[in-house]
Amino acid sequence: MTERTHTTMESHPDIVEMRERHARAERAVSSQRGQAVETLALLTGLYLAASPWIAGFNGFTTLAVNNLITGIAYTLLLSGFGHAYERTHSRAWAAALLGLWTIISPWVVAGNVDTARTEINNIIVGAVALLLALAAAAAVRAAHRSGRGHSGPTVR
């Protein structure tokens, strides 16, 4: 007969690696930079969603709906950023694409929605969203790079 060995999570070969990654993520989240990026991204996404009514172009229904959906998506992508800081690299890049979309959407969305008000609003909000998403991606990369001094393979 063969003898079966029951292992626990504590004896998992990668447990040390997982704990180190979690500790790096916690340090990154507790940094002022990480908290600032997350807070500003949340505010940016909420403003983008409400911007048609705040800036007064809610009559352009296609762009209003576009900004509402894009703002909600941006908020969802980066609002939980701090809870899984190290695993959000692709989410940060997706948020950067939403920032780019926000910038070009007044000219791409169907209908006559490219007025000075919509263009200025979307260019400024899109640029802020893009910069925050790039800062989030850079912070993830910096947190990942700072923890490479340990022994063992790094799982991506």
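Residues numbered from 1 in each chain as written. Predicted model: local features only at pLDDT ≥ 70, side-chain atom pairs only at ≥ 80, totals over all residues. Heavy atoms only, no water.

1. A few points about the overall build of the protein
(1) Moving on: Per the secondary structure count, the protein includes five helices and zero strands.
(2) Moving on: Starting at the N terminus and ending at the C terminus, the protein contains elements arranged as α-α-α-α-α.
(3) Moving on: A buried classification covers 40% of the 156 residues belonging to the protein.
(4) Moving on: Taking all contacts inside the protein whose residues are at least 6 apart in sequence as the whole, residues at least 24 apart take part in 68%.
(5) Moving on: On the protein, roughly 9300 Å² of surface is accessible, and the fraction owed to carbon and sulfur atoms is 64%. (Helix = DSSP H or I, 4+ residues; strand = E, 2+ residues; numbered from the N terminus. Buried < 20%, exposed > 50% of the residue type's maximum accessible area, 1.4 Å probe, protein only. Contact = heavy atoms within 4.5 Å. Areas by Shrake-Rupley, 256 points an atom, 1.4 Å probe, with all protein chains shown as cover.)

2. Some words on the nonpolar core
(1) Moving on: Counting 16 residues, the largest nonpolar core has A41, Y74, L78, A95, A133 and A136 as the members making the most contacts within it.
(2) Moving on: At the level of secondary structure, the elements contributing two or more residues to this core comprise α2 (32-55), α3 (61-79), α4 (89-108) and α5 (116-146).
(3) Moving on: A per-element tally of this core places α5 first, with seven residues.
(4) Moving on: If sequence neighbours within four positions are ignored, A133 has contacts with Y74, L78, A92, A95 and A96. (Core = buried A, V, L, I, M, F, W, Y, C linked by side-chain atoms within 4.5 Å.)

3. Comments concerning α3
(1) Moving on: Its 19 residues place the ends of α3 26 Å apart at the C-alpha level, agreeing with the 27 Å of an ideal helix rising 1.5 Å per residue.
(2) Moving on: Looking at α3, one finds that the buried residues are L63, A64, N66, N67, T70, G71, Y74, T75, L77 and L78. The buried residues of α3 occupy an angular sector of 160° when projected down its axis, which confines them to one face. Exposed and facing more than 90 degrees away from the buried side of α3 are T61, I69 and L76. (Expected span 1.5 Å × (residues − 1). Arc of directions from axis to C-beta.)

4. Some words on the confidence of the model for the protein
The predicted structure's coordinates, where accompanied by low pLDDT, should not be read in detail.
(1) Moving on: Of the residues in the protein, 65% have a pLDDT of 70 or more, and the chain-wide mean is 79.
(2) Moving on: Here residues 149-156 scores under 50 on pLDDT; set against residues more than four positions off or in separate chains, the count is ten contacts. (pLDDT = per-residue confidence, 0-100.)

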